[in-house]
Amino acid sequence: MTDQIKTHSNYDTQFLIESFKSFIGQTEEFKNYDFDGSGLKEIIRILSYSDQNGAIQNQFMFNELNMDSADIHNNVLSLAARNGYLPRSKTCSKIIKTISVKSKGDQPPSEIVLNKDNRFITRTTSNKILTFSPDKEYRAQLNSDGYYIFNDVTLYQGVWLNQSYTVQTANSIEAYKVSNFNVDTSTLTVAVRDNSSSAEYVTYKQFKTAHDLDNKSNLFYITCKRDGYYYIEFGDDVLSKKLKYQNIVYLSYLSTDGAVGNDITELTASTPIGGFIDISITGPDRSFGGGERASKEFIRLNAAKNVSTKGNCVSDSDYEAAIVELYPDVTSVRAWGGEKSDPLKYGYTYISAKFSSFDTMSEELKTDMFNKLKERNVGSITPIIVDPDY
């Protein structure tokens, strides 16, 4: 009977009370004992409730230690980080436009600059104001008509933010928090300066594969911790270069609104460009690629796949997983080898994706998709992006 109590799986309070009474009633001291109304019954009731609470707590605890059963989002993030998986951040939508600036005055400058601090705004159907910012610095010359023309300007939905940290230790490795929760980690750039009096900056690149590693590599590592924020860490002079005491770390990244920035076509300049305010924005393109942070269900589904492939694309399923990871707005994706196409096309993989915000992929989106997949290709496989058939 003792073994039965120890190994039972029913934690209903009344069942536990009856089990305790049945077990105690078999002893010589309590044989034929009337438990009802006695003080011993209250002790048994307390023990039953304690047993029930302990079982529930153990169930919660052990569930949260496993990726498949964890329910608390922060625990899912912790388990993903332990497996070397970086959950997707918010991703900014992008749009390509031509920007024309009309000069004014008798002697306008021969060249003006469109920098990352310039802002372009729009209003969504839900009356939300969104801001777009250039992805980099652009320059334009004054033409004979008195205009400065910026062609093929890529605008990201969001605003650029900057942070800096000073290394406070010469021994341990510090983690530097990206303090904005809406960061798009794909836009993150990291630079390091020796100290406050140094004028030289060294750019660090994000760790991607083991081929990047050596003790002189300028690498940084991104992790997402239990609080949901992203953190930057550096090497230890073994796997990659270690920071020195009083080094200054500079972070630059885009803070974005995510998926709400998709399918935007009209923009208006909200800041002067080169001191001029007569600005027109043209182009048939619409914004695409914006997405929300990875949900716990998405992390559970994709963490194991990503760890097994290490982000590389070899099989058809690898390409499908990569597209879902890179473009949160994708609702359906299919990839197949060229050996299955008609006519046969060996060495190629066809990819077709359906997006929630539009039916047909623009040429800009196909080019963007091709370039991102090209970085993940293994061997001589070449991706071909095609429109879905409905």
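Quick notes on the rules
- Residues numbered from 1 in each chain as written.
- Predicted model: local features only at pLDDT ≥ 70, side-chain atom pairs only at ≥ 80, totals over all residues.
- Heavy atoms only, no water.
- Helix = DSSP H or I, 4+ residues; strand = E, 2+ residues; numbered from the N terminus.
- Rg over C-alpha atoms; globule rule 2.2 N^0.38 Å.
- Buried < 20%, exposed > 50% of the residue type's maximum accessible area, 1.4 Å probe, protein only.
- Contact = heavy atoms within 4.5 Å.
- Areas by Shrake-Rupley, 256 points an atom, 1.4 Å probe, with all protein chains shown as cover.
- Core = buried A, V, L, I, M, F, W, Y, C linked by side-chain atoms within 4.5 Å.
- Arc of directions from axis to C-beta.
- Salt bridge = Lys/Arg side-chain N within 4 Å of Asp/Glu carboxyl O.
- Pairing = 2+ DSSP bridges.
- Axes fitted to C-alpha atoms, helices over the stretch in contact; angles between N-to-C directions.
- Parallel < 35°, antiparallel > 145°, perpendicular 65-115°, else oblique.
- Left-handed = near helix turned anticlockwise from the far one by under 90°.
- Phe/Tyr/Trp six-rings, centres within 6.5 Å; stacked < 30°, edge-to-face > 60°.
- Lys NZ or Arg CZ within 6 Å of the ring centre and 35° of its normal.

> Which parts of the structure should I look at to understand the overall build of the protein?
When its secondary structure is counted, the protein shows 7 helices and 18 strands. The globule rule puts the C-alpha radius of gyration for 390 residues at 21 Å, and the 30 Å found for the protein is more than 25% above it. Each principal axis of the C-alpha distribution contributes one length, and for the protein these read about 110 × 65 × 50 Å. Looking at the protein as a whole, 41% of its 390 residues qualify as buried. Here the analysis covers contacts within the protein between residues at least 6 apart in sequence; of these, 68% occur between residues at least 24 apart. When the accessible area of the protein is evaluated, it comes to approximately 21,500 Å², of which 48% is carbon and sulfur surface.

> I tried to follow the nonpolar core on my own but got confused; where do I start?
The biggest cluster of nonpolar side chains holds 29 residues, and the ones touching the most others in it are I232, F234, V249 and I299. Of all the secondary structure elements, the ones that give two or more residues to this core are α4 (73-82), β8 (176-178), β9 (183-193), β11 (219-224), β12 (230-234), β13 (248-255) and α5 (296-309). With 20 residues, the next largest nonpolar core counts V153, L267, I273 and I281 among its residues.

> Help me understand helix α6 (residues 316-326), please; the structure alone is not making it clear to me.
An α-helical turn contains 3.6 residues, so any two residues separated by three or four positions project in the same direction. Inspection of α6 places D318, Y319, A322, I323, E325 and L326 among the buried residues, and these make up the whole buried set. Burial along α6 is one-sided: seen end-on, the buried residues are contained in an arc of 165°.

> What is the right way to read the pattern of salt bridges from this model?
For side chains bearing opposite charge, pairing can occur when the charged atoms are close. Applying the stated criterion across every chain, the model contains 10 salt bridges. Among the salt bridges present, the one from K90 reaches E292, with a minimum N-O distance of 3.8 Å. One end of the pair, K90, is in the loop between α4 and β1 (94-102); the other, E292, is in the loop between β15 (279-282) and α5, with 202 residues separating them in the sequence. Across the pair K366 and D387 runs a salt bridge, and its minimum N-O distance is 3.1 Å. Here K366, found in helix α7 (residues 363-374), pairs with D387, found in the segment after β18 (382-386); they are 21 residues apart in sequence, far enough to count as distant. We classify K366 as buried; its relative accessible area is 14%. Each of K94, D368 and K372 takes part in one network of salt bridges that share partners.

> In this structure, what is going on with the pairing of strand β6 (residues 147-157)? I would like to understand it.
Both faces of the sheet carry side chains from a regular strand, because those side chains alternate between them. With 8 bridges joining them, β1 and β6 adopt antiparallel strand pairing. Looking across to β6, one finds that S100 is bridged to I149.

> Quick question: what am I supposed to make of the sheet that holds β9 here?
Sheet strands pair via backbone hydrogen bonds, and the direction of the pair is either parallel or antiparallel. Pairing is mixed across the open sheet formed by 7 strands, whose spatial order is β7-β13-β9-β10-β11-β12-β8. Of all the strands in the sheet, the pair left with one neighbour each is β7 (159-166) and β8. Geometrically, the sheet is characterised by an average inter-axis angle of 30° between neighbouring strands, direction not taken into account. Of the strand pairs in this sheet, β8 and β12 are connected by 3 bridges, and their pairing is antiparallel.

> Can you help me understand the packing of α6 against α7 in this one?
In a pair of packed helices, the angle between the axes and the distance between the axes together describe the arrangement. Interhelical geometry of α6 versus α7 gives an angle of 120° and a closest axis separation of 11 Å. The pairing of α6 with α7 is recorded here as oblique in orientation. Between α6 and α7 lies a crossing of right-handed hand. Within the contact between the two elements, α6 uses Y319, A322, I323 and L326 and α7 uses M369, K372 and L373.

> Even after reading the chapter, I still don't get the packing of aromatic side chains, so can you show me in this structure?
The description of an aromatic ring pair rests on the distance of the ring centres and on the angle between the ring planes. Applying the stated criterion to the full structure yields 10 aromatic pairs. Ring centres 6.0 Å apart and planes at 75° place the aromatic pair Y327 and F355 in the edge-to-face group. Taken as a pair, Y327 in the loop between α6 and β16 (330-337) and F355 in strand β17 (residues 348-355) lie far apart in primary sequence, 28 residues in all. Residue class for F355 comes out buried when judged on its relative accessible area of 2%. Clustering of aromatic rings is evident, with ring pairs tying together Y165, Y176, Y204 and F234. The cationic tip of K177 hangs over the ring face of Y229; the distance from NZ or CZ to the ring centre is 4.1 Å. Against the face of Y231 rests K225, its NZ or CZ located 4.8 Å from the ring centre.

> So what exactly am I meant to see when it comes to the sheet that holds β18 here?
The strand order across the open sheet built from 3 strands is β16-β17-β18, with neighbouring strands paired in mixed fashion. The two strands at the open ends of the sheet, each matched to only one other strand, are β16 and β18. Strand-to-strand twist in this sheet, taken as the mean axis angle between neighbours without regard to direction, amounts to 25°. By the bridge criterion, 5 bridges tie β17 to β18 in an arrangement that is parallel. Bridge pairing in β18 links I351 to I385. Strands β16, β17 and β18 of the sheet are contacted by α6, whose axis makes an angle of about 155° with β16. Docked against the sheet, α7 engages β17 and β18, running at close to 155° with respect to β18.

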